[in-house]
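# Coordinate inspection notes
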Amino acid sequence: MEAIIVENISKNYKDIQALKEVSFQVKEGEIFGLIGPDGAGKSTLFRILTTLLLPDSGKGFVAGHPIVEEFKSIRKKVGYMPGKFSLYQDLSVEENLSFFATIFGTTIEENYDLIKDIYEQIEPFKKRLAGKLSGGMKQKLALCCALIHKPEVLFLDEPTTGVDVVSRQEFWEMLAVLKQKGISILVSTPYMEEAILCDRIALILNGEILNIDTPNQMIQNFDKTIYAIKCNRLYDLIHYLRTQDYTESCLPFGENLHLVTKEKVEIEKLKKEIITQGFEQVEIEKITPTIEDVFLHLGQEKKEDAN
Ligand SMILES: Nc1ncnc2c1ncn2[C@@H]1O[C@H](COP(=O)(O)OP(=O)(O)OP(=O)(O)O)[C@@H](O)[C@H]1O
Ligand SMILES: [Mg+2]
């Protein structure tokens, strides 16, 4: 059975189309990532699937229940870690946890096994107010609170945003352990490098799904050649390359630009051409695409289709 089924869900806020006919399925025991930048519609979809918000159209099923008709059953079976404000800042670590246990009609002891490994890391601070915890510790506490009633499906909305790199890594290790325990996980992140830690991912931009696949398959299916190019005047070079016939897309990428070409080009020839145009310190390298490349490329295509 599928843990989550999303069928053509749309949602508007007045004239903003937050979700456009979104569809995907999350298998039982899978870590499924919803990857997308600010405003993509991630939180809107999480609120709809955790039954806090109604869709305008489309269908959804969570743990076998339709989201609108059987919202009460769903609430008992899901754990939800919203991006912000999930903890009571004025309650201590311990008080937060027992509060969440109480609203779900359970106790900390009843399902302690599930959270033990995570909770032990924050237990030394159990008397500390949640508002006084570091980002990484807040995140661990929020995860414990979302797990305390032993949910079947876990919804984690940007759990690693604003958390240091080490804690982010630890967090993904914790998710792998929860997966082993049979919990299905839908997790959103704006960090493209976290995509490879998921079993499957959906790329989402402006309320639309661009692609769904395993991260590796998505990279393999991206059959374009990408060149990383450095030079002294990167932005001028981007403008230049975008006017060339061989260019499919050209985008800034950290200190480089990433050029996707319609067909293979010869690196030495390209380099000469760029130098002839007056650019200096030119370095060109053919690279393996990352999920970010796939995302940027598909996003660019969408934009061009819309124009
Ligand atoms: N309550 C609301 N009223 C009006 N517009 C909203 C509301 N909530 C979200 N939006 C808009 O809907 C779109 C999707 O927002 P959403 O919060 O779902 O995105 P997101 O992917 O979670 O991004 P982020 O978390 O970075 O804000 C955005 O354009 C946002 O401004
Ligand atoms: Mg959000």
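Right, let's walk through the structure included here. Every chain is numbered on its own, with residues counted from 1 as its sequence reads. A letter from A marks each chain and a number from 1 marks each ligand, given out in the order of writing. Given that the model is predicted, a residue must reach a pLDDT of at least 70 before its local features are reported, and side-chain atom pairs must reach 80 or more before they are shown or counted; all residues, however, enter totals for whole chains, interfaces and linings. Think of the side-chain values as coming from all heavy atoms in the structure, minus any hydrogens and water.

### Section: the overall build of the protein chain
Here a helix means four or more residues in a row that DSSP labels H or I, a strand means two or more in a row labelled E, and each is numbered from the N terminus. Counting its regular elements, the protein chain contains ten helices and 14 strands. Note on exposure labels: buried denotes an accessible area under 20% of the residue type's maximum, exposed denotes more than 50%, and partly exposed covers the range between, all computed with a 1.4 Å probe on protein chains only. Across the 307 residues of the protein chain, 49% fall into the buried class. Nonlocal contacts in the protein chain, meaning residues at least 24 apart in sequence, comprise 67% of its contacts between residues at least 6 apart. All accessible-area figures derive from a Shrake-Rupley calculation using a 1.4 Å probe, and residue coverage is judged against the displayed protein chains alone. As presented, the protein chain carries roughly 15500 Å² of accessible surface, and 49% of it is formed by carbon and sulfur atoms. Contacts are assigned to residue pairs with any non-hydrogen atoms lying within 4.5 Å of each other.

### A word on the sheet that holds strand 8 (residues 184-189)
The mixed open sheet is built from six strands, whose spatial order is 6-7-8-3-9-10. Of all the strands in the sheet, just strand 6 (78-81) and strand 10 (208-213) have a single pairing partner and so form its edges. Each neighbouring strand pair of the sheet contributes to a mean axis angle of 15°, computed without reference to strand direction. The pairing of strand 3 (residues 31-35) with strand 9 (residues 200-205) spans four bridges and is classified as parallel. Bridge pairing in strand 9 links F32 to R200. Two strands are said to pair when DSSP picks up at least two bridges between them. Here an axis means a line fitted to C-alpha atoms, over the contact stretch when the element is a helix, while the angle between two N-to-C directions is reported on a 0 to 180 degree scale.

### Quick look at the packing of aromatic side chains
Within 6.5 Å between ring centres, the rings of Phe, Tyr and Trp (the latter by its six-membered ring) count as paired, and their orientation is classed by plane angle as stacked under 30 degrees, edge-to-face over 60, tilted in between. Going through the model one piece at a time under the given rule, you end up with seven aromatic pairs. An angle of 5° between the planes, with centres 5.0 Å apart, marks the rings of F24 and F32 as stacked. Note on F24: relative accessible area 5%, which makes it buried. Ring plane angle 45° and centroid distance 6.3 Å describe the contact between Y88 and F100, whose orientation is recorded as tilted. Of the two residues, Y88 sits in the loop between strand 6 and helix 3 (93-103) while F100 sits in helix 3, which places them twelve residues apart along the sequence. Take F100: its relative accessible area is 15%, and that puts it in the buried class. Taken together through their ring pairs, the aromatic side chains of Y88, F99 and F100 make up a single cluster. The cationic tip of R168 hangs over the ring face of Y191; the distance from NZ or CZ to the ring centre is 3.8 Å. A ring is scored as having a charge over it whenever the NZ atom of a lysine or the CZ atom of an arginine sits within 6 Å of its centre and within 35 degrees of its normal.

### Details of the nonpolar core
Within soluble globular proteins, side chains that are nonpolar tend to cluster in buried spots. If you look at the biggest cluster of nonpolar residues, it comprises 51 residues, and the most contacted ones within it are L143, L147, L154, L156, L178, I185 and L203. When residues in this core are grouped by element, the largest group, eight residues, is from helix 5 (residues 135-147). Look past the residues within four positions of L147 in its chain and what remains in contact with it is L114, I115, I118, L154, L178 and I183. For this analysis, a nonpolar core means a set of buried residues of the types Ala, Val, Leu, Ile, Met, Phe, Trp, Tyr and Cys, connected via side-chain atoms within 4.5 Å. Formed by 26 residues, the second largest nonpolar core is a distinct cluster that contains L19, I67, A202 and I209.

### Quick notes on the pairing of strand 12 (residues 247-253)
With five of seven residues buried, strand 12 lies mostly within the body of the structure. The pairing of strand 12 with strand 13 (residues 256-261) spans six bridges and is classified as antiparallel. Opposite F253, over in strand 13, you have N256 as the bridge partner. Counted along the chain from strand 12 to the antiparallel partner strand 13, the turn is two residues long, and its residue G254 has a positive phi close to 60°.

### Quick notes on the pattern of salt bridges
In what follows, salt bridge is the name for a side-chain nitrogen of Lys or Arg lying within 4 Å of a carboxyl oxygen of Asp or Glu. Applying the stated rule across the entire model yields 14 salt bridges. The partner of E30 in a salt bridge is R200, with the nearest N and O atoms 2.6 Å apart. Placement of the pair is E30 in the loop between strand 2 (16-27) and strand 3 and R200 in strand 9, with a sequence separation of 170 residues. E30 sits in the buried class, given a relative accessible area of 7%. For R200, a relative accessible area of 17% corresponds to the buried category. For K179, the salt bridge identified is with D199, shortest N-O distance 2.7 Å.

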